[in-house]
Amino acid sequence: MKLIGLLMAFAGWLIPVVALVLTQSTAARMIVSLLGIAISLVGILVVMNKAHLKNAIWKP
Amino acid sequence: MIRMDQGLKRCSWIVVVMLLLCGLPAWAQSQSAASNAPAAAAQPPAPAMDAPLNVKTAQPPSTDDLVKGDPSGTKTGTVNDVIVSDTNKGVTLADTVNQVGQNRIAINFVWTLITGFLVMFMQAGFAIVETGLCRAKNANHTMMMNFMVYGFGLFAFWVCGFALQMGGCAPAGTLGGANPLNSEHTISLLGKAWGIFGTRGFFLSGTTYDVAIMVLFLFQMVFMDTALTIVTGAAAERWKYIAFAVSSVFMGAITYPLFANWAWGGGWLSQLGVNFGLGHGYADFAGSGVVHAVGGVTALAMAMIIGPRIGKFNRNGTPNAMPGHDIVIVLTGCFILAFGWFGFNPGSTLGASGNGALRIGSIAVNTMLAGCTGSFGALLYMWMRYGKPDASMTGNGLLAGLVAITAPSGFVNTVSSAIIGLVAGVLVCLSVEFVERVLKVDDPVGAISVHGTNGLWGVISVGLFADGASNYGGSWNGVNGPVRGLFYGDASQLIAQLIGVGTLIGFVFGLSYAANFVIDLVVGQRVSAEDELAGLDIPEMGALCYPEFVLKPDSMPVGVSASRTTEMATPPLRVAQETA
């Protein structure tokens, strides 16, 4: 799960960068940029963090 | 009819008189100009550059005058002090022009160096803020991390960090060029050239043994060190010292320089405007993203890998307060940091003369205003939510405002600065609660929220509030004209900023996480539970910070009872003491 989260973080970065070439529309670029940030955040804060909390030191 | 004729005659006379009155001055001016024209033409031609100047008109003080002393200061710094290239000729026009040029660069050198010294002093502020927010049993360890991160970072930056970051950044006009830094490694992708890292300046040797490059190195080095010291706060009280050393060297050599190159060294983020028409490319005046967000997201990666301190969370996941041991040094440290920020932001003009650098006054005012409203925001939030104006969170609000204004400080007006700071002050409180209660990530000093969350907010705020009034030499990142944000008519600038945010979250976090995960596998990031409970001063450093104190051993077990938790954590403390 940690690896999947890490890959999501990288993907969220790469998608808007690649989209720069695919479209010149300001609105489309804005949406894709926000989408990319959301994917990265989900990957880090949800997927990776959940994997870390699975064996957290405070859990019984 | 006769009366009408007389009236017409009178009107005619009046018109004639008025025309004369209006025309006379114009005629006089034209006559004056005509009379001056021959005089101007008669002026002697400009002297040749190497021709000696008649310096007697400058009335230089004589040797007799000078030996009497100069209490009024009117005889010191005259034509006598202009450096001459040929003593036989005396002062020439070429000497004078060269002196003017060198004076401009000298002003910029001195400005950049002094502001760099101020930023270096921020290390002391970070050190005591973090130590004050940690428990006394870890004070030596926390201070020593903050102390040696300076050395580890500096060494790594000298070896290769600076070259990777700034090796292709030339020319730096305000510093006289720094021309040897002219080699950026690029890759061709998607039909564009993408600058990835610089390749000149390893060990500051060869052609980079240059006066301007030394100034640039010092200034960039202290910025890099600021980013490194952020991470020590998030991993405090449980970070193995050897792992800290390795991690810091990696960050100073690779992680920080890569992103800094992309933003400041001529890399691909800075070229988003030139290559893709996104405003002026990623714009980060003094480093909300480059310095603070890089430090903040790395802090998040470290805190996730290393895990929470023993006793921080109960078995049901609710957090316990772990109050710091000295609020006095925490707030003193905040003041030191606020003072150092006057080097951080105004110094990022890299000069005080030319290329719009006189905006340093505006940048300084923006900086202090955002810090002020940041502390307001946090103070009001805590007061309204918990009933007390909490001290450590107010300090954090000040820092959050300063972090957020760092990127936009050179592009925005005072009203925007106040808004950016106020938002940052509230945002840091919300973020601290979110990190602790939702993510269940233990960040003893609040580094993730202060530097990460508000660093990202600062980057975004450039894309919103940049007002188009700044003009640093006529262009920014190779795009002519001033930087404008969404509220001033350029939505594409906001996209460039969002791509910068995506890079910080996706790439910088990912690289930091991967590197520190490997370090964890090789040397282990976390101290043993016994050492952690005893405090790291003796097990890790071999000496107590406060040897005459009687330290109460922390025997709180994992999953401390709910009754103990309630005892410890009154609502303001639960959040407030976990900050910086």
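Residues numbered from 1 in each chain as written. Chains lettered and ligands numbered in written order. Predicted model: local features only at pLDDT ≥ 70, side-chain atom pairs only at ≥ 80, totals over all residues.

**Looking at the overall build of chain B**
The secondary structure content of chain B amounts to 18 helices and four strands. When each of the 580 residues of chain B is scored for burial, the buried share is 54%. Taking contacts inside chain B between residues at least 6 apart in sequence as the whole, the part at least 24 apart equals 77%. (Helix = DSSP H or I, 4+ residues; strand = E, 2+ residues; numbered from the N terminus. Buried ≥ 20, exposed ≤ 12 C-beta atoms within 10 Å, placed from the backbone. Contact = placed C-beta atoms within 7 Å.)

**Some thoughts on the overall build of chain A**
A tally of helices and strands in chain A yields two helices and zero strands. For chain A, the C-alpha radius of gyration of 15 Å lies well beyond 10 Å, the compact-globule estimate for 60 residues. Each principal axis of the C-alpha distribution contributes one length, and for chain A these read about 55 × 15 × 10 Å. Expressed as a percentage of its 60 residues, the buried residues of chain A come to 38%. (Rg over C-alpha atoms; globule rule 2.2 N^0.38 Å.)

**Focus: the interface of chain B and chain A**
In this complex, chain B contributes 29 residues to the contact, which on the side of chain A involves 29 residues. Taken together, the residues of the side of chain B that touches chain A break down into 18 nonpolar, nine polar and two charged. (Nonpolar A, V, L, I, M, F, W, Y, C, P; charged D, E, K, R; others polar.)

**Considering the nonpolar core**
The nonpolar side chains of a soluble globular protein tend to be buried with one another. Residue and element names in this part refer to chain B. Within the largest apolar cluster, 163 residues are counted, with the highest numbers of intra-cluster contacts made by Leu216, Val294 and Ala303. With 15 residues, the single largest contributor to this core is helix H5 (residues 211-234). In this view, Leu216 contacts Met166, Ala172, Leu175 and Ala178; residues no more than four positions away in its chain are not counted. (Core = buried A, V, L, I, M, F, W, Y, C linked by C-beta atoms within 7 Å.)

**Structural notes on unusual backbone geometry**
Residue and element names in this part refer to chain B. For the bond from Ala170 to Pro171, the omega torsion is 0°, close enough to zero to count as cis. Residue position: Pro171 is located in the loop between helix H4 (139-166) and strand S1 (184-189). The backbone phi angle of Ala178 is positive, close to 50°, even though this residue is not glycine. Along the polypeptide, Ala178 turns up in the loop between H4 and S1.

**Some remarks on helix H6 (residues 241-264) of chain B**
All names here are of chain B. At Met251, H6 shows its maximal bend, which comes to roughly 45°. Along H6, 18 of the 24 residues are buried, which leaves the element largely enclosed by surrounding structure. Taken from the residues just after H6, Gly266 is the one with a positive phi, measuring 90°. (Bend = angle between axes of the 7 residues up to and from the residue.)

**As for H5(B)**
A rise of 1.5 Å per residue sets the reference length of H5(B), with its 24 residues, at 34 Å; its end C-alpha atoms lie 37 Å apart and thus fit the reference within 8%. Judged by how many residues are buried, H5(B) sits mostly within the fold: 21 of 24 residues are covered. (Expected span 1.5 Å × (residues − 1).)

**Focus on the environment of Ile107(B)**
Residue and element names in this part refer to chain B. Position of Ile107 relative to the elements: it lies in helix H3 (residues 93-133). The spatial distance from the C-alpha of Ile107 to the C-alpha of Ser353 is 6.8 Å, given a sequence separation of 246 residues. Residues contacting Ile107, with those up to four places away along its chain left out, are Ala352 and Ser353.

**Points about the confidence of the model for chain B**
Keep in mind that low pLDDT regions are not for reading the predicted coordinates in detail. Residue and element names in this part refer to chain B. Averaged over all residues, the pLDDT of chain B equals 88, while 87% of them reach at least 70. Per-residue pLDDT stays below 50 along residues 21-28; that stretch engages in zero contacts with residues further than four places along the chain or on separate chains. Here residues 558-580 is modelled with pLDDT under 50, and outside its nearest four sequence neighbours on either side it reaches 62 contacts, counting other chains as well. If you check the scores for this complex, the pTM reads 0.86 and the ipTM reads 0.97. (pLDDT = per-residue confidence, 0-100.)

**A few points about the packing of helix H1 (residues 2-22) of chain A against helix H14 (residues 491-522) of chain B**
Relative to each other, H1(A) and H14(B) sit at 150°, their axes nearing to 8 Å. For the element pair H1(A) / H14(B), the angle class is roughly antiparallel. Of the two possible hands of crossing, H1(A) and H14(B) adopt the one that is left-handed. Along its contact with H1(A), which presents Leu6(A), Ala9(A), Phe10(A), Gly12(A), Trp13(A), Pro16(A) and Val17(A), the element H14(B) presents Ile499(B), Gly502(B), Thr503(B), Ile505(B), Gly506(B), Phe507(B), Phe509(B), Gly510(B), Tyr513(B) and Ala514(B). Here the contact of H1(A) with H14(B) is built from residues that sort into twelve nonpolar, five polar and no charged. (Axes fitted to C-alpha atoms, helices over the stretch in contact; angles between N-to-C directions. Parallel < 35°, antiparallel > 145°, perpendicular 65-115°, else oblique. Left-handed = near helix turned anticlockwise from the far one by under 90°.)

**Examining the pairing of S1(B)**
All names here are of chain B. Examined bridge by bridge, S1 and strand S2 (residues 192-198) share six bridges and lie antiparallel to one another. Paired with Ser188 across the strands is Ala193, a residue of S2. Hairpin remark: S1 followed by S2, antiparallel, with two residues in the connecting loop; positive phi at Leu190, about 55°. (Pairing = 2+ DSSP bridges.)

**Details of the environment of Ser375(B)**
Residues and elements named next belong to chain B. Take Ser375: it is sitting in helix H10 (residues 360-386). Owing to 26 C-beta atoms within 10 Å, Ser375 belongs among the buried residues under this scheme. Sequence-wise, Ser375 and Val483 are 108 residues apart; in three dimensions their C-alpha atoms are separated by 28 Å. Not counting the four nearest positions on each side in its chain, Ser375 is found in contact with Thr394, Gly397, Leu398, Gly401 and Gly425.

**Describing the environment of Ala253(B)**
Residue and element names in this part refer to chain B. Secondary-structure assignment places Ala253 in helix H6. Accessibility expressed as a C-beta count within 10 Å gives 23 for Ala253, which makes it buried. Residues Ala253 and Asp81 lie 172 residues apart in sequence; the distance between their C-alpha atoms is 44 Å. Not counting residues within four places of it along the chain, the set of residues in contact with Ala253 comprises Ala156, Val159, Cys160 and Gly161.

**Some points on the packing of helix H8 (residues 288-306) of chain B against helix H13 (residues 447-465) of chain B**
Residue and element names in this part refer to chain B. Where H8 meets H13, the axes come as close as 7 Å, and the angle between the chain directions of the two elements is 140°. Accordingly, the angle class assigned to the pair H8 and H13 is oblique. Note on packing geometry: the crossing formed by H8 with H13 is left-handed. Taken together, the residues of H13 that come into contact with H8 (itself represented by Ser288, Gly289, His292, Ala293, Gly295, Gly296, Val297, Ala299, Leu300 and Ala303) are Ala447, Ile448, His451, Gly452, Thr453, Gly455, Leu456, Gly458 and Val459. The residue makeup of the contact of H8 with H13, split by class, is nine nonpolar, ten polar and no charged.

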